[in-house]
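Given next are the chains, with one letter for each unit.
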Amino acid sequence: MRLTCTVNGDRHEVDDVWEGESLLYVLRERMGLPGSKNACEQGECGSCTVYLDGVPVCACLVAAGQAQGREVGTVEGLAGPGELHPVQEAFLEAGAVQCGFCTPGLLVATDDLVRRSRAEGRRPADAEIREALAGNLCRCTGYEKILDAVRLAADRMAGEAR
Ligand code: FES
Ligand code: FES
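Conventions adopted
Residues numbered from 1 in each chain as written. Chains lettered and ligands numbered in written order. Predicted model: local features only at pLDDT ≥ 70, side-chain atom pairs only at ≥ 80, totals over all residues. Heavy atoms only, no water. Helix = DSSP H or I, 4+ residues; strand = E, 2+ residues; numbered from the N terminus. Rg over C-alpha atoms; globule rule 2.2 N^0.38 Å. Buried < 20%, exposed > 50% of the residue type's maximum accessible area, 1.4 Å probe, protein only. Contact = heavy atoms within 4.5 Å. Core = buried A, V, L, I, M, F, W, Y, C linked by side-chain atoms within 4.5 Å. Polar contact = N/O pair within 3.5 Å; in protein donor to acceptor, adjacent residues only side chain to side chain. Salt bridge = Lys/Arg side-chain N within 4 Å of Asp/Glu carboxyl O. Patch = residues over 30% accessible without salt bridge, like charges linked within 9 Å, V, L, I, M, F, W, Y side chains within 5 Å. Areas by Shrake-Rupley, 256 points an atom, 1.4 Å probe, with all protein chains shown as cover. Pairing = 2+ DSSP bridges.

Draft legend 1. Expanded view of the overall build of the protein. For the protein, the count of helices and strands is five helices and five strands. Over its C-alpha atoms the protein spans a radius of gyration of 16 Å, differing by no more than 12% from the 15 Å that the globule rule assigns to 162 residues. For the protein, the spread of C-alpha atoms along the three principal axes comes to 45 × 35 × 30 Å. Out of the 162 residues belonging to the protein, those deemed buried represent 46%. Relative to all contacts within the protein whose residues are 6 or more apart in sequence, the contacts with residues 24 or more apart total 58%.

Draft legend 2. View of the nonpolar core. One finds Phe91, Leu133, Ile146 and Val150 to be the most contacted residues of the largest nonpolar core, which totals 25 residues. Secondary structure elements with two or more residues in this core: helix 2 (86–93), helix 3 (103–119) and helix 5 (144–158). With seven residues, the single largest contributor to this core is helix 5. Those residues within four positions of Ile146 in sequence are excluded, and the remaining contacts are Phe91, Ala96, Leu106, Leu133, Cys138 and Thr141.

Draft legend 3. Main features of the side chain of Ser47. For Ser47, the location among the structural elements is in the loop between helix 1 (23–30) and strand 3 (49–52). With a relative accessible area of 3%, Ser47 lands in the buried category. Within the local environment of Ser47, its side chain forms a polar contact with the backbone oxygen of Lys37, the two atoms lying 3.0 Å apart. Not counting the four nearest positions on each side in its chain, Ser47 is found in contact with Ser36, Lys37, Asn38, Ala39, Phe101, Cys102, Pro104 and Gly105.

Draft legend 4. Main features of the side chain of Thr103. Within the secondary structure layout, Thr103 lies in helix 3. Once residues within four sequence positions are removed from consideration, Thr103 is found in contact with Phe91 and Val97.

Draft legend 5. Just helix 1, in detail. Regarding helix 1, the residues found buried are Leu23, Leu24, Val26 and Leu27. As for helix 1, its buried residues are in contact with strand 1 (3–7), strand 2 (10–14), strand 3 and strand 5 (71–73). Of the residues trailing helix 1, Gly32 is marked for its positive phi of about 70°.

Draft legend 6. Main features of the pattern of salt bridges. As enumerated under the stated definition, the model contains 14 salt bridges in all. For Arg151, the salt bridge goes to Asp126, with nearest N and O atoms at 3.0 Å. Pair noted here: Arg151 is in helix 5 and Asp126 is in helix 4 (residues 126–132), with a separation of 25 residues, a long-range link. Since its relative accessible area comes to 29%, Arg151 is described here as partly exposed. If you follow the salt bridges from partner to partner, you end up with Arg2, Arg11, Glu13 and Asp15 in one network.

Draft legend 7. Spotlight on a nonpolar patch on the surface. The grouping of Leu84, Leu92 and Val97 at the surface amounts to a nonpolar patch, some 260 Å² of accessible area in total. Tracing the backbone shows Val97 in the loop between helix 2 and helix 3.

Draft legend 8. The arrangement of the pairing of strand 4 (residues 55–58) in detail. Here strand 3 runs beside strand 4; their pairing, made up of four bridges, is antiparallel. When the bridges of strand 4 are listed, Thr49 appears paired with Cys58. Taken together, strand 3 and the strand that follows it, strand 4, pair antiparallel across an intervening segment of two residues, in which Asp53 is found at a positive phi of about 50°.

Pasting the structure below:
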């Protein structure tokens, strides 16, 4: 089948997509966007988190056909070319990246959390951060530095125009 969707603001058409393919597979193997990682392929680890019509989802659990006509946002689209998004800067500065395999999913999940909180004119509480990132597993960091990074990103983004 042919899949047509928008990814990071660009329209994509991909032919010969097999019905059993996941959105994650199409992004990585057919569209050349390997930022979203494939770790468990079972919806357990969050390393494949992308936006689908503005809502974070595990791309490994989304059939490619479900993305037909929809807007997908991946970690590659968080910042402009050659730039870092405030969430990416915060993760680097807080030392929240070790092997980095979980990082793309955490960045998207953090961006979503901080945006939602900011829209309500506040910063996320620690309990909200833990809940929002509960589906994103990291084997390396022990999570404390990730929490620091989310707090830092929330502080930085609170000062941006809404
Ligand atoms: S690869 Fe999708 S949740 Fe783990
Ligand atoms: S930094 Fe290695 S899994 Fe999170």
